[in-house]
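# Descriptive analysis of the structure
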Amino acid sequence: MLLGRSLSVTSLSGLPRWEVEELPVEELLLFEVAWEVTNKVGGIYTVIQTKAKTTADEWGDNYFLIGPYFEHNMKTQVEQCEPVNDAVRRAVDAMNKHGCQVHFGRWLIEGSPYVVLFDIGFSAWNLDRWKGDLWEACSVGIPYHDREANDMLIFGSLTAWFLKEVTDHADDKHVVAQFHEWQAGIGLILSRARKLPIATIFTTHATLLGRYLCAANIDFYNHLDKDVVTPNGLNVKKFSAVHEFQNLHAMYKARIQDFVRGHFYGHLDFDLEKTLFLFIAGRYEFSNKGADIFLESLSRLNFLLRMHKSDVTVVVFFIMPAKTNNFNVETLKGQAVRKQLWDVAHSVKEKFGKKLYDALLRGEIPDMNNILDRDDLTIMKRAIFSTQRQSLPPVTTHNMIDDSTDPILSTIRRIGLFNNRTDRVKVILHPEFLSSTSPLLPMDYEEFVRGCHLGVFPSYYEPWGYTPAECTVMGIPSVTTNLSGFGCFMQEHVADPTAYGIYIVDRRFRSPDDSCNQLTQFLYGFCKQSRRQRIIQRNRTERLSDLLDWRYLGRYYQHARHLTLSRAFPDKFHVELTSPPTEGFKYPRPSSVPPSPSGSQASSPQSSDVEDEVEDERYDEEKEAERDRLNIKSPFALSHVPRGKKKLHGEYKN
């Protein structure tokens, strides 16, 4: 068995040397097993769903995903069909004849991979027998009332049964099975115990396992070189127009501005054109996700902005689901007031426009003192009175069930960020995932991210971190840490991450207070940038997206499959270890950025008329973009062995 980790907390150059050759996939069958196949629970779903196209392009009809059957997911995500592969068809038929319900079809995502889905409840009558099988295999017992563990035992037992049926009928094909996280682990254990002739990979996405290892003071980080590290990628879709993502940013920013107008009605004494939108999103893990250090740094940022009399306002969103019982009435009222004001303004504008139009048709310049009558003035005065507010804008959009003990709200009370008029930093806790159907903030997560200026994810424990990666491919700068896989990946492969909008907080070698100060300086430097500098930075950020494309990062999964085949079937498969494609590769500092004495210093010049003129002379976007495109291609421009051929003594033979 080969152990892989879906994270990148060490240098990719620490991997063994290898040459990426195409496997003879027509002689192989690849199965990936995960509880989140067609079943969205968390980040593993994103890994499998976005990677599917790259893997399906490589393996074709010999690639299958195994997961649990849920009726709703089957109806909305899967197109049922009959298996084309004879071994898989016979395995499905055999299990269905023996009292199981196995569903087969194509998952309706990019790549349209085949899926094999097991109905867990339908096979629950075997639970006691399968508990006995697990005990005989590894002396591990399952608690009677542990529903989750029981479901995973059924899922693992069905997986091992299915793989046994496949290998019995696979004839001359070799089988590779990759098991994702502990939920699929029982299938791996039983397959090994029954000595199935398959090559196996176990990928830990470092969820509960990583937390427990770190909490137990295991020397976790210094043993990663014993494993294959598989960085997580995304399906990067490039826009045909270079600046289309900038247009999307402007469009969705305007929608966030509308929400802010309503939320801060009566206190909207700041310029929305000089307002920056920051956000943090993810599971509500106050310390692991870095919400604690983020709030503390916001308090310090508020002090700096006020002390320097900055005209910049920062509105920060916390998108972290928590227990609530409904929307906050005051928040809903704010959006209603905003809409009412818009309707009044639109009505008066229509009336004003008609009178102006009629006067111009008569060849007259209208008397501006008479163009609005008493009724119009009364309506406008009533609208103004409706915006008066005795209370401060709320810091949360919902009624929290555990308001008094909620960590975010408790910290807000301690640091005193109550959305006062004098505060330059405003805070909004939205304890629910975003949805386009919300009556409050009707935006999908992707739309919201595109409308923000900066994502802040100062995590203490984050084996990879999809949130900053998603920001990068959308051209939105982000803050990460050197305790996250994404942060370490960027630190290793980008010479000056800050210049490309990737701010990396040192949480490994600095004290918490020093890390907080560093984050505060990052945020303060970002606030001092001019609008032009932010546009330039977003262009650079978006150009890094190729680094995160599965077309490149998928080769680490390829390497894992090469290794496990060479270990399981050494007579048939051999891996020649040569240089990995990114060993020693460093994405260079943008040519328009002057050398910086410290990698932790902001690389973008601070805003001033003189500096903007200097930057205009130095910055040629098209030339810089072209250099970046060449830089990203060169380390990955590998020649592949043609499919169906093997490398023998330096030559390719049929």
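What you are looking at is a predicted structure, and each value in this text was computed from that prediction instead of being measured. (Residues numbered from 1 in each chain as written. Predicted model: local features only at pLDDT ≥ 70, side-chain atom pairs only at ≥ 80, totals over all residues. Heavy atoms only, no water.)

## Some thoughts on the overall build of the protein chain
Note the cut-off: Numbering of helices and strands runs from the N terminus, with a helix taken as a DSSP run of H or I at least four residues long and a strand as a DSSP run of E at least two residues long. To sort residues, take the accessible area from a 1.4 Å probe on protein chains only and compare it with the maximum for the residue type: under 20% means buried, over 50% means exposed, and anything in between is partly exposed. Whether two residues are in contact is decided by their heavy atoms, any of which lying within 4.5 Å being enough. Computed with a 1.4 Å probe, the accessible areas rest on the Shrake-Rupley method; for each residue, only the protein chains presented here act as cover.
What the protein chain contains, in helices and strands, is 20 helices and 19 strands. Counting only residues that meet the buried cut, the protein chain has 55% of its 654 residues in that class. Put simply, of all contacts in the protein chain between residues at least 6 apart along the chain, 78% involve residues at least 24 apart. Per element, the accessible surface of the protein chain, about 29,500 Å² overall, is 52% carbon and sulfur.

## Some thoughts on a negative patch on the surface
The following threshold applies: A patch is a set of surface residues, each over 30% in relative accessible area and not in a salt bridge, joined within 9 Å for like charges and within 5 Å for the nonpolar side chains Val, Leu, Ile, Met, Phe, Trp and Tyr. Just to be clear on terms, a salt bridge is a Lys or Arg side-chain nitrogen sitting within 4 Å of an Asp or Glu carboxyl oxygen. Two residue types count as positive, namely Lys and Arg, and two as negative, namely Asp and Glu; His and chain ends fall outside the count. By convention, the point assigned to a charge is CZ for Arg, NZ for Lys, CD for Glu and CG for Asp.
A contiguous patch of negative charge, built from Glu 26, Glu 27, Asp 171 and Asp 172, is present on the exposed surface. Looking at the element boundaries, Asp 171 is found in the loop between helix 5 (147-169) and strand 7 (174-180).

## A closer look at helix 12 (residues 407-415)
The periodicity of an α-helix, 3.6 residues per turn, causes residues three or four places apart in sequence to face the same way. What counts here: Note: the arc covers the axis-to-C-beta directions of the helix. As used in this structure description, the phrase polar contact means that two N or O atoms lie within 3.5 Å; if the pair is within protein, one of them must be able to donate a hydrogen and the other to accept it, and residues adjacent in sequence are counted only when both atoms belong to side chains.
All buried positions along helix 12 are accounted for by Ile 408, Leu 409, Thr 411, Ile 412 and Ile 415. Viewed along the axis of helix 12, the buried residues span an arc of 160°, placing them on a single side of the element. On its buried side, helix 12 packs onto helix 9 (291-307), strand 11 (313-319), strand 13 (398-400) and strand 14 (425-430). Between the side-chain oxygen of the N-cap and the backbone nitrogen of Ile 408 there are 3.2 Å, and the N-cap of helix 12 in question is Asp 406. Directly after helix 12, the chain includes Gly 416, whose backbone phi takes a positive value near 75°.

## Side note on the side chain of Thr 481
For Thr 481, the position within the fold is in strand 16 (residues 478-481). A polar atom in the side chain of Thr 481 sits 2.9 Å from the backbone oxygen of Ser 459. In this structure Thr 481 touches Phe 457, Pro 458, Ser 459, Gly 487, Cys 488, Ile 504, Val 505 and Arg 507, once residues within four positions along its chain are discounted.

## Re the confidence of the model for the protein chain
The predicted structure's coordinates, where accompanied by low pLDDT, should not be read in detail. Under the convention used in this document: Each residue carries a pLDDT value, the predictor's own confidence for that position, ranging from 0 to 100.
Across the protein chain, pLDDT averages 85, with 82% of residues at or above 70. Of the regions scoring below 50 in pLDDT, residues 5-18 engages in 70 contacts with residues more than four places distant in sequence or in other chains. In the model, residues 596-618 has pLDDT below 50 throughout and makes 35 contacts with residues more than four positions away in sequence or in other chains.

## Regarding the environment of Thr 275
Relative to the assigned elements, Thr 275 resides in strand 10 (residues 275-281). Polar side-chain contacts of Thr 275 include one of 2.7 Å to the backbone oxygen of Asp 271.

## Examining the sheet that holds strand 17 (residues 502-505)
Counted only if it meets this: Note on pairing: DSSP must find at least two bridges between two strands before they are called paired. Angular values range over 0 to 180 degrees, each being the angle between N-to-C directions of two axes fitted as lines to C-alpha atoms, with helices fitted over their stretch in contact.
In space, the six strands of this open sheet follow the order 14-11-10-15-16-17, with parallel pairing throughout. The sheet is open, and its two edges are formed by strand 14 and strand 17, each paired on a single side. Shown here is a sheet whose adjacent strand axes are inclined to one another by a mean of 25°, direction ignored. Two strands pair when backbone bridges link them, and strand 10 and strand 11 are joined in this way by seven bridges, in the parallel orientation. Note that in strand 11 the partner of Phe 279 across the bridge is Phe 317.

## Notes on the packing of aromatic side chains
Under the convention used in this document: Each aromatic pair joins two rings of Phe, Tyr and Trp (for Trp, the six-membered one) with centres within 6.5 Å, and gets the label stacked for planes under 30 degrees apart, edge-to-face for over 60, and tilted for any other angle. Only when the NZ of Lys or the CZ of Arg is both within 6 Å of the ring centre and within 35 degrees of the ring normal is a charge said to sit over the ring.
Scanning the model with the defined rule gives 23 aromatic pairs in all. For the pair Tyr 45 and Trp 107, a centre-to-centre distance of 5.8 Å together with 65° between the ring planes defines the contact as edge-to-face. You can see Tyr 45 sitting in helix 1 (residues 43-59) and its partner Trp 107 sitting in strand 5 (residues 102-107), a full 62 residues away along the chain. Sitting over the ring of Tyr 557, Lys 51 keeps its end group 4.7 Å from the ring centre.

## Side note on unusual backbone geometry
Note on backbone geometry: most residues besides glycine have negative phi, and most peptide bonds are trans. In this structure, Lys 309 is a non-glycine residue whose phi angle is positive, near 50°. One non-glycine residue, Asn 419, adopts positive backbone phi at about 65°. One can find Asn 419 in the loop between helix 12 and strand 14. Assessed through its relative accessible area of 1%, Asn 419 is described here as buried.

## So, the state of the cysteines
Heads up, the rule is: Cysteine sulfur pairs qualify as disulfides if the two atoms are within 2.5 Å.
Counted according to the given criterion, the structure contains zero disulfides. The thiol sulfur of Cys 471 is not disulfide-bonded, and the nearest other cysteine sulfur, from Cys 452, lies at 8.2 Å.

## Here we look at the packing of helix 9 against helix 16 (residues 512-527)
Our working definition: Every angle not falling under 35 degrees, over 145, or within 65 to 115 is termed oblique; those three ranges are roughly parallel, roughly antiparallel and roughly perpendicular. It is the rotation of the near helix from the far one that decides the hand of a crossing: anticlockwise by less than a right angle makes it left-handed, clockwise makes it right-handed. All residues other than Ala, Val, Leu, Ile, Met, Phe, Trp, Tyr, Cys, Pro, Asp, Glu, Lys and Arg, Gly among them, are scored as polar; the first ten of these are nonpolar and the last four charged.
Axis separation between helix 9 and helix 16 bottoms out at 8 Å; the angle between their running directions is 50°. As the angle between them shows, helix 9 and helix 16 are arranged oblique. The element helix 9 and its partner helix 16 pack so that their crossing is right-handed. Here Ile 293, Phe 294, Glu 296, Ser 297, Leu 298, Arg 300, Leu 301, Leu 304 and Leu 305 of helix 9 lie close against helix 16, whose contacting residues are Pro 512, Asp 513, Ser 515, Cys 516, Asn 517, Leu 519, Thr 520, Gln 521, Leu 523, Tyr 524 and Cys 527. Tallied by class, the residues present in the contact of helix 9 with helix 16 amount to twelve nonpolar, five polar and three charged.

## Overview of the pattern of salt bridges
Where charged atoms from two side chains of opposite charge come close, those side chains can pair. Applying the stated criterion across every chain, the model contains 33 salt bridges. Asp 61 is the salt-bridge partner of Arg 106, the closest N and O atoms lying 3.4 Å from each other. Of this pair, Arg 106 sits in strand 5 while Asp 61 sits in the loop between helix 1 and strand 3 (63-68), and the two are 45 residues apart along the sequence. Its relative accessible area of 24% is what places Arg 106 among the partly exposed residues. Using a relative accessible area of 41% as the deciding quantity, one classes Asp 61 as partly exposed. Between Arg 421 and Asp 269 there is a salt bridge whose closest N-O contact spans 3.2 Å. Taken together, the residues span a long stretch of sequence, with Arg 421 in the loop between helix 12 and strand 14 and Asp 269 in the loop between helix 8 (244-263) and strand 10 at a distance of 152 residues.

## Side note on the nonpolar core
Heads up, the condition is: Only buried Ala, Val, Leu, Ile, Met, Phe, Trp, Tyr and Cys residues count toward a nonpolar core, and they belong to the same one when joined by side-chain atoms within 4.5 Å.
If you look at the biggest cluster of nonpolar residues, it comprises 88 residues, and the most contacted ones within it are Val 260, Leu 298, Phe 317, Phe 318, Phe 448 and Met 490. When residues in this core are grouped by element, the largest group, eight residues, is from helix 9. Excluding residues that lie within four positions of it along the chain, Leu 298 makes contacts with Val 316, Phe 318, Leu 417, Val 425 and Leu 523. In terms of nonpolar packing, the next biggest core, distinct from the first, is built from 44 residues, Ile 66, Ala 87, Ala 91 and Leu 153 among them.

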